[in-house]
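Close look at the chain arrangement
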Amino acid sequence: MKQEKWMSLLGLANRARKIISGEELVVKEIKNRRAKLVLISKDASSNTSKKIQDKCTYYEVPFHFVDSREKLGHAIGKDERVVVAILEDGFAKKLTSMLDE
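All of the points below concern the structure found in this document. Values in this document were obtained by computation on a predicted structure and should not be read as measured data.

**Notes on the pattern of salt bridges**
In total, this model carries 7 salt bridges according to the counting rule given. The closest approach of N and O atoms between E23 and K51, which form a salt bridge, is 3.0 Å. In this pair, E23 sits in helix α2 (residues 23-31) while K51 sits in helix α3 (residues 46-58), placing the two residues 28 residues apart along the sequence. On the accessibility criterion, K51 (30% relative accessible area) is partly exposed.

**Overview of unusual backbone geometry**
Unusually for a residue other than glycine, R33 sits at a positive phi of about 60°. The residue E60 is not glycine, and still its phi comes out positive at about 55°. Tracing the sequence through the fold places E60 in the loop between α3 and β3 (63-66). The exposed category is assigned to E60, whose relative accessible area is 73%.

What counts as what
Along every chain, residues carry numbers that run from 1 in the direction the sequence is written. With the structure being a predicted model, the display of local features is reserved for residues of pLDDT at least 70 and the display and counting of side-chain atom pairs for 80 or more, all residues being used for whole-chain, interface and lining totals. Hydrogens and waters are ignored; side-chain quantities use all the structure's heavy atoms. Counted as salt bridges are all cases of a side-chain nitrogen of Lys or Arg within 4 Å of a carboxyl oxygen of Asp or Glu. Secondary structure elements follow DSSP: runs of H or I of four or more residues count as helices, runs of E of two or more count as strands, with numbering from the N terminus. The rule is simple: take the accessible area with a 1.4 Å probe, protein chains only, and divide by the maximum for that residue type; under 20% is buried, over 50% is exposed, in between is partly exposed.

Structure below.
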């Protein structure tokens, strides 16, 4: 049930245009220090996963794993998404606390 909560919050962040999805775009936002939190699906390729984690670590952006690319995409009303960045502190903090539960 907890998952549904973070998914609807992510959907809200999406409607507020406070997220970005797609590997290249997310990497760009991390480098520009606009990403406040990055969500990576557990079924991302190891290449993609490592690349995003390395960038996050280097630029000190927190990241979190979520169950699947289907859920990540579904939460923002898109097809499968492997990686999503949250660009606003409020949403990032709330999502972090939900995902840490």
